[in-house]
Structures are given as C-alpha cells and as structure tokens.
Amino acid sequence: ETALKYYKYAMYWEMSSSLPANKIAELESKIKRESIDARLNRYIQIAERYFAAQDYPNASDYYKMAYKLDDANVNVRSRLSEIDTISLQVANLLNRGDELCTEVNANYEQCILSPNRLGIAQCGTRYQEVLDIYNQALVLSKNNEDTLKKIANVKRRIKSINENN
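How each quantity is defined
- Residues numbered from 1 in each chain as written.
- Predicted model: local features only at pLDDT ≥ 70, side-chain atom pairs only at ≥ 80, totals over all residues.
- Heavy atoms only, no water.
- Core = buried A, V, L, I, M, F, W, Y, C linked by side-chain atoms within 4.5 Å.
- Buried < 20%, exposed > 50% of the residue type's maximum accessible area, 1.4 Å probe, protein only.
- Helix = DSSP H or I, 4+ residues; strand = E, 2+ residues; numbered from the N terminus.
- Phe/Tyr/Trp six-rings, centres within 6.5 Å; stacked < 30°, edge-to-face > 60°.
- Salt bridge = Lys/Arg side-chain N within 4 Å of Asp/Glu carboxyl O.

## A word on the nonpolar core
Stage number 1. Grouped together as the largest cluster of nonpolar side chains are 37 residues, with contacts concentrated most on Tyr63, Tyr127, Tyr134, Val154 and Ile161.
Stage number 2. When residues of this core are traced back to their parent elements, those giving at least two are α3 (36-52), α4 (56-69), α5 (74-106), α6 (108-113), α7 (117-140) and α8 (145-164).
Stage number 3. Among the elements that line this core, the one with the most residues is α5, at 10 residues.

Right, dumping it as structure tokens:
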C-alpha cells in the first residue's frame, strides 16, 4: 500500500513516464489477488509492530486499514481505542507544556538579562517543569517528532540560562 501511494505520487509528478502507471497496475493486481484474511492479518501484524515501537500514528493507520476490512474485529477496535486514549493524554500534556512554556518564554529576555541570580534560577526551574511535562509526553509516545523538537528547544533555553547564571 505504501509503495502504491508513492507510485501514485510519482505518476502525478512524472506523467510522461509509463513506469509509475505500470507499477501501480501491478501492485493493485497483487493486492486484489491477496485474500481479505491475508491482508487483514498483514495489516494487523504491521500495526502491532508500530504499536510496540510506540509509533501510534502509523499503528493507527494500519489498524484503520484492518478495520475497513473487518469492522467487527474486537482486537482492532480495542487497539484503536487505546491509541485514541494515549493520543489524548499526549495532546493534553503537550498543551499543558506549551501553555507553561509560553508563559516562561514571555519572561525569557528579562530573565537572562537580570542581575538577580534568584530570578534566573527561578526561570531555569520553570523551564525544567516544562521539560518534565514534555518528557512525560515522550514516555507515552516515543516517536513523536513534535515532542522531540519541543524538548530540544527547552533544553537550549535551559543551557542558555545556565551559561548566563
């Protein structure tokens, strides 16, 4: 399915070449020949690998493909529900971290330019709170690129504060 998607993109961008169209036809034919049960099992196996790696967006995509083939599958429905719950927890943590980070960022310039060492330390402590919240989100979803970027940004701020302290 992924290869099929990429060949469709290639066909869109390289309309003069017959290769993408030929590959699309070949892949669609293979997919049609595969039994529904085989496809269902393949989707579930792929989804389970993503789920085990805590890559919930990709796991969700494959569980949804399995769900389209068998909407009565209790295991698939359960995993989708579990992913929704985890995604909501991650989103709530990120929102909480973002709100606190916005608050601390508003005082960042004033903080690092302050001659008051206590104020600088408090600013560092607040950034550490933000970092702790983002790390909680990362524990729930290890492959969340957004969370990793946020953590890197907060660590840069903490390093800057420590250098100015």
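## Focus on the packing of aromatic side chains
Stage number 1. All chains considered together, the criterion is met by four aromatic pairs.
Stage number 2. Ring centres 5.9 Å apart and planes at 25 degrees place the aromatic pair Tyr50 and Tyr62 in the stacked group. Taken as a pair, Tyr50 in helix α3 and Tyr62 in helix α4 lie far apart in primary sequence, 12 residues in all.
Stage number 3. What makes Tyr50 partly exposed here is its relative accessible area of 29%.
Stage number 4. Seen in terms of ring centroids, Tyr108 and Tyr127 are 6.2 Å apart; in terms of plane orientation they differ by 80 degrees. Their pairing is edge-to-face.

## A short note on the pattern of salt bridges
Stage number 1. This model, assessed by the stated rule, comprises seven salt bridges.
Stage number 2. Asp98 is the salt-bridge partner of Lys150, the closest N and O atoms lying 2.7 Å from each other. Here Asp98 lies in helix α5 and Lys150 lies in helix α8, a separation of 52 residues in the sequence.
Stage number 3. The partner of Arg126 in a salt bridge is Glu103, with the nearest N and O atoms 2.7 Å apart. Separated by 23 residues along the polypeptide, Arg126 in helix α7 and Glu103 in helix α5 bring together distant segments of the chain.
Stage number 4. Judged by its relative accessible area of 28%, Arg126 falls in the partly exposed class.
Stage number 5. Exposure remark for Glu103: the relative accessible area of 43% places this residue in the partly exposed category.
Stage number 6. What you see here is one network of salt bridges that share partners, running through Glu48, Arg79 and Glu82.

Remember, this is a structural readout, not a statement about activity or role.
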